[in-house]
Every structure is written in C-alpha cells, then in structure tokens.
Amino acid sequence: MKAYLRIHPDDNVAVALTSLEPGTDVSVDSSEKVIALREPIPQGHKFALHDISKGSQIRKYGYPIGVATEDIPTGSWVHVHNIRTGLGDLLTYSYEKQNTELPQTEERYFQGFRRRDGRVAVRNELWIIPTVGCVNNIASAIERKAQKLVAGTIEAVAAFPHPYGCSQMGDDQEHTRRILADLINHPNAGGVLVLGLGCENSNIDVLKSYIGAYDEQRVRFLVCQESDDEVADALKLLEELADYAGKLTREPISVSELVIGMKCGGSDGLSGITANPMVGAFSDLLISKGGTTILTEVPEMFGAETQLMNRCENEELFEKTVHLINDFKEYFQSHNQTIYENPSPGNKKGGISTLEDKSMGCTQKSGTAAVRGVLSYGEPVKEKGLNLLSAPGNDLVASTALAASGAHIVLFTTGRGTPFASPVPTVKISTNNRLSDKKSNWIDFNCGTLVEGGTLGELRDQLFDYVVAVASGKLVKSEEAGYHDMAIFKQGVTL
C-alpha cells in the first residue's frame, strides 16, 4: 500500500494516504531527497515537500490551493493553522478553449422503463407531491397507508414533504413551483398524486401552468379543502395510478438515454484522489457512449472554475459559466457573507484546508469532457454530454436539484458518510476504506481501494457495471432503508 502521494509534479505538498508518524522517511520520487516528517500527519492531510516561506503559494493538483500564513519547514503538516485561501472576490475571466473530444465507445444497455411520451426511467414508483407544507402530515399518512400498492412492477410509494409553497416571495416562490413541477414530470414516477390544500400561493391551479402538458392517467390532483375525507380519496386515486403504472415492464434501453447527477459532500483529503476522479472517469465513459451527466454545487467550483470554463464547447457556454459563478458570488455578497468561506468542520477534519483545496477535488468529478450545457436552478437538462447546474453545496438541496433537472440517479461521493436520500436513487461512494467498513449500511461503492494499488480503469468499469445494475432495478442502501428526501433552495423573505 502506498503511504503518500504527490498528485502533480509541480506540487510542493504531498497527501498522506494513511496516517504517518513523526520521523517517517519520505521520498515522493526517485529524484527527490529523503525527508523526515516533523509531526504526525493524519490520513488525507498534507505535508510540505520543501521549505515554504510565508506568503508563498501552496500547490496541490498542480494548482495553487492557498497561501502560507507562516514559514513552513520541510516535512511539516500543512493545514488550516498555516494556510489561508488565496482567492479574491469577483474575477474577470478569459476564454482559453481546450480540445476535449472523447472517442466513442461501444453501446451498453440497462433494463429500464419507457414512458408513454418516450422518456426513460430507472424506477417505477408512485409519488405524492404536496404543494404546500400544510399538508405534509397528510401526505406522510397517505404514504404509510398506500404501501400495500407496492407490488408487481410498482417499486415504491413515496411522499416528499417540504415546508414551502406559501408565504414566499420572488425567486423563492418561483423556485418552489419549478422544483415541484420538475418532480411531478420526472420519469422515475410512474404515477403522481399532487396533494394541495386549496388556499396556498402555489395551489394546484397555479402549479399546472408550470407542469405543462401531462398524461392525465399518470398525474392526478386532490385539493384537501374540497374533500370530505382526503386520505380515503387520495388512496382511491393512488389505486388508479397503480393500475396505470403497474402495466409497465422493464425493457432493454441504451445507456445513451441515462442522465446521471454528480455531487460530493463531507469530503476528506482522499476525495480528490480516489472517489471524485473515479466519478470523473465514469462521466467520461458514459458520455463516450452518448449519455449525459450533470455537475452541481457551484460554491465548490470557486477556485477551480477556469478548468470548467476552458472546457466549454463554445464562447456562449463560457459566458453562461462565468454568470453561473459570479451570480453565486453576488448572492453571497447580497447577504453580507464571505464568498470564500472555509470548508465545513468535517471537511477540515478530513484534510481539506481551503475552498480551493476542496474545489480542485470537487471538479475532478467532471472528468475531461467538454461542457455542453449550463442550467439554471430547476431547469431541465436538454443537451447530451456534461452539463453544469446552478445549485448550492448543501447535500439535500443540490441532490434534489439534480433530480429536478432530470437525473435518473445521483452519484454522491463522501469521505465522512451520510445516510440521506434524494428523490432518485443516490449512490454513496466512499473515498476511504475505513468509512466503507464502518458504515456499510450507508455506503454503496468503495473507492478507498485505489490507495492499495487498484487501478482507476478497473474500478471505473466496476462502478459503471454497478450503475447499470442500479438503473436496472438494484436498490441502493438508502432505498433499502426506505428513505426518500427532498429539499428546495430558499434565499429570501418568508411572510
């Protein structure tokens, strides 16, 4: 097993792949002299390969990830106590296009569902979508009583409570309506019951204009204030939806029709070395077969955004990506918040020191493909290939946004672990073996083996096989536990 790694030849730090003791001799390549570590280096954390003077750049992934706040001797631990972000506020960008063509690879199929409108799905579920938080408990009660409908090809009945739909203003109200409409239209739902109260701002009549044309056999509506017994009426409608959706069966479908969301949360120092590059390799492979991926969590692109901008297929997409980044920075400023806030406590504990450090690892999930689409929050994906989506870093909000934009499955990398779900199957991918072993009830796929000598190509193919299995009906751990979560991005005033 390798004990440490210099990711790029230009780096002046290396990453401990296992916990290292003081006095450990280190030589990262044959041309380097042997150095002795001065202090303990936890797994995933960085140590200096050379003397780094105060004010100098600290480089990882071949890019600056921060500035030394003090002189750092060779062999010393490099972390939040001696490094700060080197990022500023709004920046001016120039387009330096990179050639990013991927060779086409052989076709692959999964067993999925084909909807009446031609769209494909990886699940055939019944969804209960409340228009407003006031009917959340009713929706949950209906979900419990409707579990008897899970039979044949009906794979789950799930309600998606949320606290919004009324007392909202401006973009908040608009976001709620767009996300709810996106979920109602999501192909993984074979049947949808839209449950309204009757007096809310985002009532059913208003929401219908956001939903657009719909199959009346697939989407049904119930206004609780107009019903004598809303639970009984809802169960009757769900039975009708089950009769409709239950006639569908799985059939072979090309992976070129798959849309996969990509998100990371609770990172550690191995995220940018194991799981995130693995997801990037997966993304490239799916795109080479004609498929689609979506990358989100814009604040965690800060500091690595130029890598994405220069992979934009044309200048129009470059300009959209500039707005994607700067609009989020302005959102932070409008709330008097620091743009380049340090990573979370869990990220720091795992070895992430600055936002640049996390962002460089985060963007590894995008692989090498050209950016072919830039989506606003709640906007459905239209272009095949790699897409960028405007959404925050919050795990539940971002994963819901990926589903709302059309992701059939979300790949979620983590170095800390989390049990949450989203509206679609959410594959938890661990960055390290310890997490995979400790939380086997949360983790679906382990990339920690990469530090033990496994190859990226071999593990990429295993991940691809696993995703095809999930698309064909294999349950992920959160689905086995019965979890379904959703969250909507809130930015403004509550009345």
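Check the entry above for the structure.
The paragraphs below set out a description of the structure included in this document. Values in this document were obtained by computation on a predicted structure and should not be read as measured data. (Residues numbered from 1 in each chain as written. Predicted model: local features only at pLDDT ≥ 70, side-chain atom pairs only at ≥ 80, totals over all residues. Heavy atoms only, no water.)

Time to look at the overall build of the protein. Looking only at helices and strands, the protein features 13 helices and 23 strands. On C-alpha atoms alone, the protein measures out to a radius of gyration of 24 Å, which is about the 23 Å that the 2.2 N^0.38 rule sets for 495 residues. Principal-axis analysis of the C-alpha atoms gives the protein an extent of 80 × 45 × 40 Å. Expressed as a percentage of its 495 residues, the buried residues of the protein come to 57%. Once local pairs closer than 6 in sequence are excluded, the contacts in the protein between residues at least 24 apart make up 72%. (Helix = DSSP H or I, 4+ residues; strand = E, 2+ residues; numbered from the N terminus. Rg over C-alpha atoms; globule rule 2.2 N^0.38 Å. Buried < 20%, exposed > 50% of the residue type's maximum accessible area, 1.4 Å probe, protein only. Contact = heavy atoms within 4.5 Å.)

A word on the packing of aromatic side chains. Applying the stated criterion across every chain, the model contains 14 aromatic pairs. Residues Tyr95 and Phe318 carry aromatic rings whose centres are separated by 5.0 Å and whose planes lie at 25° to one another, so their mutual orientation is stacked. Here the residue Tyr95 occupies a position in the loop between β9 (83-84) and β10 (109-114), and Phe318 occupies one in helix α7 (residues 315-334), the gap between them amounting to 223 residues. With a relative accessible area of 2%, Phe318 lands in the buried category. Within the aromatic cluster, the residues linked to one another by ring pairs are Phe302, Phe328, Tyr331, Phe332, Tyr377 and Phe489. Here the guanidinium or amino end of Lys329 rests over the ring plane of Phe302, the centre of that ring lying 5.5 Å away. When the ring centre of Trp442 is taken as reference, the NZ or CZ atom of Lys439 above it lies at 4.1 Å. (Phe/Tyr/Trp six-rings, centres within 6.5 Å; stacked < 30°, edge-to-face > 60°. Lys NZ or Arg CZ within 6 Å of the ring centre and 35° of its normal.)

Backbone geometry at Tyr61 places phi at a positive 65°, although glycine is not the residue there. Within the fold, Tyr61 resides in the loop between β6 (57-60) and β7 (63-68). A positive phi angle, near 55°, is found at Ser167, a position not held by glycine. Checked against the element boundaries, Ser167 lands in the loop between β13 (157-159) and α2 (170-184).

Time to look at the packing of α2 against helix α3 (residues 204-211). The N-to-C vectors of α2 and α3 enclose an angle of 65°; their axes lie 9 Å apart at closest approach. Taken together, the axes of α2 and α3 are roughly perpendicular relative to one another. Crossing of α2 over α3 shows right-handed handedness. Contacts from Glu174, Arg177, Arg178, Leu180, Ala181 and Ile184 of α2 reach α3 at Val206, Leu207, Tyr210 and Ile211. For the contact of α2 with α3, the residue count by class is seven nonpolar, no polar and three charged. (Axes fitted to C-alpha atoms, helices over the stretch in contact; angles between N-to-C directions. Parallel < 35°, antiparallel > 145°, perpendicular 65-115°, else oblique. Left-handed = near helix turned anticlockwise from the far one by under 90°. Nonpolar A, V, L, I, M, F, W, Y, C, P; charged D, E, K, R; others polar.)

One finds Phe110, Ile409, Leu411 and Ile429 to be the most contacted residues of the largest nonpolar core, which totals 90 residues. Ranked by the residues each element gives to this core, the list is headed by helix α12 (residues 456-471), at eight residues. With near-sequence residues (within four places) excluded, Leu411 lies in contact with Ile260, Gly261, Met262, Lys263, Val279, Phe282, Val427, Ile429 and Val467. Formed by 24 residues, the second largest nonpolar core is a distinct cluster that contains Val135, Ile142, Ala146 and Leu235. (Core = buried A, V, L, I, M, F, W, Y, C linked by side-chain atoms within 4.5 Å.)

Taking 1.5 Å per residue, 16 residues should reach 22 Å; helix α4 (residues 230-245) reaches 22 Å between its end C-alpha atoms and fits that length. Packing partners of the buried residues in α4 comprise β12 (125-130), α1 (136-145), β14 (189-196) and β15 (219-223). (Expected span 1.5 Å × (residues − 1).)

Now for the sheet that holds β14. In spatial order, the strands read β13-β12-β14-β15; together these four strands make up an open sheet with parallel pairing. For this open sheet the edge positions go to β13 and β15, each flanked by a neighbour on one side alone. Averaged over all pairs of adjacent strands, the angle between their axes in this sheet comes to 20°, without regard to strand direction. In this sheet, β15 lies alongside β14 in parallel orientation, the contact comprising five bridges. Looking across to β15, one finds that Val194 is bridged to Phe221. (Pairing = 2+ DSSP bridges.)

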